[in-house]
Structure formats: C-alpha cells, structure tokens
Amino acid sequence: ASPHPGVRSGAATYYTSPMILPNVTAAAAAANTAYYQPFCLPGQLIDRIGIETTVGGGNARMGLYTNLNGVPDQLIVDGGVLDVSGAAINEISLTALYLPNAWFWTCIVYSGTPTVRISTATNSYYTGVINLGTTTYRGFSAALAYGALPAQASMSGFVIVTQAGTTMVRKS
C-alpha cells in the first residue's frame, strides 16, 4: 500500500503538486528560468511529465530533481525537449521511473514565453511564508539558460514564486 493518501491503483492517473490546485487561469512563462514545484508520490512508478499551454511559444525542457533540505538538489531525470509551440497538454514520455520514497521536484525551463495554465493555492505552505495567511507560494524559480538540465539544480537568483505553470506527473 502507498503511504500517499491519494494514490489510486489501476488506470494511469495524473497528479499535480500538493502546493497547487488546477485552475482555468493562464499566464506567460519567462524564458531561461527554471520553475520548480515539490511533489511526493513515494514508491510510485511514473511514465510521463507535462504541462498545459494555452498559447504556444517555443520549446521546454522538463525533468525531476531530488529534494535536500526543502530545495531542489540532484537531477533524477532530464526528460528532454518538449514542443510547447501550440495550445495543448504537452507531455514527455519517460521509461517507467520509480520515484524515491521522499519529496522530489519537477523542473521546467522554456526557450520562449508560452502562456501556461497556472494554479490556485492550497495554503499548504510547504515552501514557507513570511506572514501566515497572506501569501501562498507555488514553488521556486531560478535563472537557467534553456538547454539540457544540469546535474545540480540551479540556485542562481533562487526565489519563491507565487505564480507558476501547473506541472503534472502521470503514475503508470
């Protein structure tokens, strides 16, 4: 049995970060910026990672990083290039990947400025807040030139973000 209360057995199921709730709102993403969102699906196999674009704009790189003291750390997998030039749910297929029995981070970096589906807050405060109840955070961002994801997560200009595209993983 999974220690995650929401993991279902059977058919493939998509999950988003517990930091967010899917929404119909969209916003432009910045090029050359890594967006990180925390996930926890301990001991599960996943076979896809993705994001929804409402207006296309270039390509993206998506991957997963380990967690170290509440921030992204070591690269688990670089899923490669993702075409985000059109309005679609865009996914990268992975060889079935067994997730660590711990928190991990999705990462996405864009070559352009697509408009992506963003999210509402869950008030889970995983990333911490300055004033309880006033601002909710959806992850982190850092400066990172578009290209292959580095072995160590970028910490250049690392900041908490209040708006980020809703990344998803698919449990296989």
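Let me begin by describing the structure that accompanies this report.

Each value, and the rule that gives it
- Residues numbered from 1 in each chain as written.
- Predicted model: local features only at pLDDT ≥ 70, side-chain atom pairs only at ≥ 80, totals over all residues.
- Heavy atoms only, no water.
- Helix = DSSP H or I, 4+ residues; strand = E, 2+ residues; numbered from the N terminus.
- Buried < 20%, exposed > 50% of the residue type's maximum accessible area, 1.4 Å probe, protein only.
- Contact = heavy atoms within 4.5 Å.
- Core = buried A, V, L, I, M, F, W, Y, C linked by side-chain atoms within 4.5 Å.
- Polar contact = N/O pair within 3.5 Å; in protein donor to acceptor, adjacent residues only side chain to side chain.
- Phe/Tyr/Trp six-rings, centres within 6.5 Å; stacked < 30°, edge-to-face > 60°.

1. Comments concerning the overall build of the chain
Within the chain one finds 0 helices and 12 strands. Moving toward the C terminus, one meets the helices and strands of the chain in the order β-β-β-β-β-β-β-β-β-β-β-β. Among the 172 residues that make up the chain, the fraction classed as buried is 44%. Taking all contacts inside the chain whose residues are at least 6 apart in sequence as the whole, residues at least 24 apart take part in 77%.

2. As for the nonpolar core
One recurring pattern in soluble globular proteins is that nonpolar side chains are buried together. I46, I49, L64, L82, I108, Y110 and V169 are the most contacted members of the largest nonpolar core, which totals 25 residues. Those elements that place two or more of their residues in this core are β3 (33-39), β4 (45-55), β5 (59-68), β7 (88-98), β8 (104-110) and β9 (115-121). Once you skip the residues sitting within four places of it in the chain, I108 turns out to touch T33, A34, Y35, I51, A60, R61, M62 and T167. Judged by nonpolar contacts, the second largest core, of 11 residues, contains W105, V109, L144 and L149.

3. Some points on the side chain of D47
Secondary-structure assignment places D47 in strand β4. Side chain to side chain, D47 and R170 meet in a polar contact 2.7 Å long. Not counting residues within four places of it along the chain, the set of residues in contact with D47 comprises I92, S93, L94, R170 and S172.

4. Observations concerning the packing of aromatic side chains
Considering all chains together, one arrives at 6 aromatic pairs under this definition. With a centroid separation of 5.3 Å and 40° between ring planes, the pair formed by W105 and F140 is classed as tilted. In this pair, W105 is assigned in strand β8 and F140 in strand β10 (residues 139-143), connecting sequence segments 35 residues apart. F140 carries the same exposure label as W105, and that label is buried. A connected cluster of aromatic rings, assembled from ring pairs, spans Y36, Y65, W105, F140 and F158.

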